[in-house]
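Here is what each chain is made of, one letter per residue.
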Amino acid sequence: MADKKAAMVGTPCQILAATKINEYKDKTGGSPICIKIGLFCMENFSYHYLKEFLENDGIKLKDVKEFRIENNRFKVFLNSGDLKDYSIPQTESFKRKNCDVCIDFASDFSDISVGSVGSKKGYSTLIVRSEKGEKIIEGLEKAGYIETTEVDEKLLNLLEKIAGGKKSKNLKNIEFKEKIARQVLYNRIISEKEFEEDTDGADFDLLESDVIKVGNCVLCGACEYVCPENIVEINSRKPVKKGKCRENCNLCYISCPRTFTSSKIISNDLKAKPESYPLGKYIKILNAKSTKNKGQDGGVVTAILLYLLDEKLVDDVFVVGEDPNNPWKPIPKLTSDKNEVLAAAGTKYSTVPIAFKALKTK
Ligand SMILES: Cc1cc2nc3c(=O)[nH]c(=O)nc-3n(C[C@H](O)[C@H](O)[C@H](O)COP(=O)(O)OP(=O)(O)OC[C@H]3O[C@@H](n4cnc5c(N)ncnc54)[C@H](O)[C@@H]3O)c2cc1C
Ligand code: SF4
Ligand code: SF4
Ligand code: SF4
């Protein structure tokens, strides 16, 4: 799909993966992703362990209407109308451990970030980061897809506190982890020259030892996408190599969001003081809700995707839908079908590689 354009929706780690793939396009071939819509994200869960946890508490996933993380509780709304809720420490048994060293809450590398913290019920918080993102939001509002309001100062303070809290807590986790085990490479911001030197000849075996075996893989799917030999496969737990690497190839290593980050990707002031920029760099913050469709919060992500397809600003969009045979099991899709976009609204709180791979076959 060389001449096609795609919009992606993803968690901060997935957004960083797309950023790296495109930044090193002279080597990776880049991607058709031209708009990145990042979600806020505190943590993500393993589908298998979430299912097991709920079953042990007498809940079948087919009976769940909605999941929400609100007021420091993990809430499970059932089709029967009942609500089960759990404390955040109770989610530890199904939380993915790589999230403990993640220092991005608000998708700092996206064009537009969207989340629920910072807005009242039924609304989403929008962080507009790039001029491209700003134009899209203005277009969306003008065409009547969304209504926006100014963000309340108290809610903005709360958002900054939560995002900054994640950064400082997980920076401490990184410090602790590095005392007892290997370095957490993605927190090591290095110059582009050092990046080139340190990743020279870094093949899948090194990716395995630096990222996968130490429990830092986020299962984004970037390594599978960029592999020129098509020998990377992602099973439900981790990427595996199914063949021999091309000589001197390091494409999976340079694209992975959990290897080194070069100063070409992250600006110097953000790098020096991550806690001073809890929300990353941005142009403006708004509250918004869709006028046309429903979603997890204000339905704004779905509205943006519909607008981009309607206006033919992109050919396809990434979504994460649900497996019809396994309730709440996330299924990544690359689609131009607006019904699929509408059906994918809502948050699936478990990890899945997003539809990078589908870009190869479309
Ligand atoms: C794992 C996860 C953790 C989150 N944690 C927080 C948090 O701590 N605080 C907060 O404020 N917001 C969090 N969010 C974001 C929030 O749940 C909503 O997605 C966001 O507010 C957008 O709501 P909406 O109504 O505008 O989106 P909708 O219109 O409902 O669209 C949601 C979009 O998200 C995509 N999606 C759903 N599940 C996934 C997934 N697993 N991976 C990638 N894409 C997916 C769908 O394809 C859909 O296009 C989280 C989201 C995810 C996926
Ligand atoms: S590593 Fe975990 S917490 Fe960080 S963005 Fe990815 S899913 Fe969210
Ligand atoms: S050939 Fe090997 S080093 Fe190159 S991208 Fe594929 S797995 Fe990675
Ligand atoms: S090893 Fe592959 S799937 Fe895991 S984080 Fe890196 S690029 Fe993503």
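Residues numbered from 1 in each chain as written. Chains lettered and ligands numbered in written order. Predicted model: local features only at pLDDT ≥ 70, side-chain atom pairs only at ≥ 80, totals over all residues.

> Whenever I open this one, the overall build of the chain confuses me. Can you help?
Of regular secondary structure, the chain possesses 13 helices and 15 strands. Taken against the 2.2 N^0.38 rule, which gives 21 Å for 362 residues, the C-alpha radius of gyration of the chain at 20 Å falls within 12% of a compact globule. Taking the principal axes of its C-alpha atoms as reference, the chain extends roughly 55 × 45 × 40 Å. A burial count over the chain gives 44% of its 362 residues as buried. (Helix = DSSP H or I, 4+ residues; strand = E, 2+ residues; numbered from the N terminus. Rg over C-alpha atoms; globule rule 2.2 N^0.38 Å. Buried ≥ 20, exposed ≤ 12 C-beta atoms within 10 Å, placed from the backbone.)

> Is there a simple way to explain the sheet that holds strand 2 (residues 33-39) in this structure?
Sheet strands pair by backbone hydrogen bonding; their relative direction is either parallel or antiparallel. The strand order across the open sheet built from 8 strands is 8-13-7-6-2-1-14-15, with neighbouring strands paired in mixed fashion. Each end of this open sheet is capped by a strand with a single partner; those strands are strand 8 (146-150) and strand 15 (330-335). The average undirected angle you get between the axes of adjacent strands in this sheet is 30 degrees. Relative to strand 14 (residues 316-322), strand 1 (residues 6-10) runs parallel, the two being bridged by 2 bridges. Counted as the bridge partner of A6 is D316 from strand 14. Docked against the sheet, helix 4 (residues 131-142) engages strand 2, strand 6 (112-115), strand 7 (124-128) and strand 8, running at close to 135 degrees with respect to strand 7. (Pairing = 2+ DSSP bridges. Axes fitted to C-alpha atoms, helices over the stretch in contact; angles between N-to-C directions. Contact = placed C-beta atoms within 7 Å.)

> Can you help me understand the site of ligand 1 in this one?
Of all residues adjacent to ligand 1, which total 32 residues, the nearest are M42, G115, G295, V301 and T302. Where the shell around ligand 1 is concerned, the elements lending two or more residues are strand 1, strand 6, helix 11 (300-310) and strand 14. Tallying contributions element by element places helix 11 first for the shell around ligand 1, with 3 residues. (Near = placed C-beta within 6 Å.)

> Mind showing me how you'd approach the domain arrangement of the chain here?
The parts lose accessible area when they come together, and the size of an interface is often stated as this lost area. Domain boundaries in the chain define domain 1 (6-44 + 96-361) and domain 2 (45-95). One C-alpha centre belongs to domain 1, the other to domain 2, and the line joining them spans 24 Å. Counting residues at the interface gives 13 residues for domain 1, matched by 11 residues for domain 2. Along the lines of polarity and charge, the residues of the side of domain 1 that touches domain 2 split into 5 nonpolar, 5 polar and 3 charged. (Domains from an automatic or database assignment. Nonpolar A, V, L, I, M, F, W, Y, C, P; charged D, E, K, R; others polar.)

> I keep staring at the environment of Y307 and nothing clicks. Help me out?
With respect to the helices and strands, Y307 occurs in helix 11. Excluding residues within four positions of it along the chain, Y307 makes contact with G139, L140, A143 and Y145.

> Explanation requested: helix 5 (residues 153-180) in the structure shown.
Each α-helix turn comprises 3.6 residues. Residues three or four places apart therefore point the same way. End to end, helix 5 covers 41 Å across 28 residues, agreeing with the expected 40 Å (1.5 Å per residue, within 8%). Listing the buried residues of helix 5 in full gives L159, A163, K166, K167, N170 and K177. At its buried positions, helix 5 is contacted by strand 7. (Expected span 1.5 Å × (residues − 1).)

> What should I look at first to understand unusual backbone geometry in this one?
Phi is positive for L219, which is not a glycine, with a value near 60 degrees. You can see L219 is positioned in the loop between helix 7 (204-212) and helix 8 (222-226).

> I keep staring at the pairing of strand 13 (residues 284-290) and nothing clicks. Help me out?
Taken residue by residue, a regular strand's side chains alternate between the two faces of the sheet. Of all the 7 residues making up strand 13, 6 are buried; the element is thus mostly covered by neighbouring parts of the structure. The pairing of strand 7 with strand 13 spans 5 bridges and is antiparallel. In the sheet register, I127 faces strand 13, and the bridge partner there is I285. Where strand 8 lies against strand 13, 5 bridges are found, and the strand directions are antiparallel. Paired with E147 across the bridge in strand 13 is K289.

> Looking at this structure, I do not really get the sheet that holds strand 4 (residues 73-78). What am I missing?
With respect to topology, 3 strands assemble into an open sheet ordered 3-4-5, the strand pairing being antiparallel. Of all the strands in the sheet, just strand 3 (64-70) and strand 5 (83-87) have a single pairing partner and so form its edges. Each strand of the sheet is rotated relative to its neighbour by a mean of 15 degrees, with strand direction disregarded. In terms of strand pairing, strand 4 meets strand 5 through 5 bridges, oriented antiparallel. When the bridges of strand 5 are listed, R73 appears paired with S87.

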